[in-house]
Amino acid sequence: KAAAHFDAVYHRGQAVAVVGGGAAGIELALALKHRLGTTHKGTTPSEARFYLCFEGTDVLPQAGSGVRRRLNQALAISDIQLVPEFKAERYGDGKLISDSGRDLKVGAVVCALGAKPQSWLLDTPLKVTEAGFLAVTDCLQSISHKNVFAVGDCADVVGQPRAKAGVYSVRQGAALFENISALMSGRP
């Protein structure tokens, strides 16, 4: 359904916006633009726009300048317009609106924003890291409650800082299963 919606929006000449200038936002923008641009070859209206909106001044700010330069080239070749310093605040009435009041007329929006800790964790006795994520051991076990396990974007493995990326939670799945099984059977 989502693919059909984006396809219809784009081929009606309405803009599509991806919010987030990190790796996920860039990947989504390039993949969506490629898919939408090749679905109906030759039928994409010239007025259809594709935006990549992000808070900072450059995409993927933590990457080296060479990587950013190549990403900017790939985005330009794909005719994806960069909209820096655009902290998206809300979407309504066909407009994506920033916290400063700037707006973009768009027919569809995809958000690829960074992970943020869940505020409810602060209301629990569970130990959290300075960043506010659940603090876990390298066995994915809460450092304060041995019967609680956490993986992926909700947790930080203490002493092993990692970027918040889905690939880690996928990789942690097998270890999580083994560690919960061990706890339930009384094994270390």
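Note that this is a predicted model, so its numbers are computed, not measured.

### Thoughts on the environment of Leu-134
Working step 1: Mapping Leu-134 onto the fold places it in strand E8 (residues 134-136).
Working step 2: For the pair Leu-134 and Val-9, spaced 125 residues apart in the sequence, the C-alpha separation amounts to 39 Å.
Working step 3: Apart from the residues lying within four places of it in its own chain, the contact partners of Leu-134 are Leu-121, Leu-126, Lys-127, Val-128, Val-148, Ala-150, Cys-154, Ala-155 and Asp-156.

### Re the sheet that holds strand E6 (residues 103-105)
Working step 1: Here we have three strands laid out as an open sheet, ordered E4-E5-E6, and antiparallel in their pairing. Two strands lie at the open edges of the sheet, namely strand E4 (88-92) and E6, each paired on one side alone. When strand polarity is set aside, the average angle formed by the axes of neighbouring strands in this sheet is 20°.
Working step 2: With four bridges joining them, E4 and strand E5 (residues 95-98) adopt antiparallel strand pairing. Within E5, the residue paired with Tyr-91 across the bridge is Leu-96.

### Here we look at the side chain of Thr-129
Working step 1: Within the element layout of this structure, Thr-129 appears in the loop between strand E7 (108-111) and E8.
Working step 2: Judged by relative accessible area, which is 18%, Thr-129 ranks as buried.
Working step 3: Dropping the residues within four chain positions of it, Thr-129 is found in contact with Ala-135 and Asp-156.

### Topic: the packing of aromatic side chains
Working step 1: Taken as a whole and assessed by the stated rule, the structure comprises zero aromatic pairs.
Working step 2: We note Lys-164 situated over the ring of Phe-133; from NZ or CZ to the ring centre the distance is 4.2 Å.

### Here we look at helix H4 (residues 166-185)
Working step 1: Between its first and last C-alpha atoms H4 spans 29 Å; for 20 residues at 1.5 Å apiece the expected length is 28 Å, and the two agree.
Working step 2: Among all positions in H4, only Gln-172, Leu-176 and Ala-182 are buried.
Working step 3: Where the residues of H4 are buried, they touch strand E9 (155-157).
Working step 4: In the segment just after H4, Gly-186 is the residue with positive phi, at about 80°.

### Observations concerning the nonpolar core
Working step 1: The biggest cluster of nonpolar side chains holds 20 residues, and the ones touching the most others in it are Val-16, Val-18, Ile-26, Phe-50, Leu-52 and Val-59.
Working step 2: For this core, the secondary structure elements donating two or more residues are helix H1 (2-11), strand E1 (16-19), helix H2 (23-39), strand E2 (50-53), helix H3 (65-77) and E7.
Working step 3: Per-element tally for this core: the top contributor is H2, with four residues.
Working step 4: The contacts of Val-59, once residues within four sequence positions are left out, are Gly-21, Ile-26, Leu-52, Phe-54, Arg-68, Leu-71, Asn-72, Leu-75 and Leu-82.
Working step 5: Grouped together as the second largest cluster of nonpolar side chains are eleven residues, Leu-121, Val-128, Ala-150 and Val-157 included.

Conventions and cut-offs
- Residues numbered from 1 in each chain as written.
- Predicted model: local features only at pLDDT ≥ 70, side-chain atom pairs only at ≥ 80, totals over all residues.
- Heavy atoms only, no water.
- Helix = DSSP H or I, 4+ residues; strand = E, 2+ residues; numbered from the N terminus.
- Contact = heavy atoms within 4.5 Å.
- Pairing = 2+ DSSP bridges.
- Axes fitted to C-alpha atoms, helices over the stretch in contact; angles between N-to-C directions.
- Buried < 20%, exposed > 50% of the residue type's maximum accessible area, 1.4 Å probe, protein only.
- Phe/Tyr/Trp six-rings, centres within 6.5 Å; stacked < 30°, edge-to-face > 60°.
- Lys NZ or Arg CZ within 6 Å of the ring centre and 35° of its normal.
- Expected span 1.5 Å × (residues − 1).
- Core = buried A, V, L, I, M, F, W, Y, C linked by side-chain atoms within 4.5 Å.

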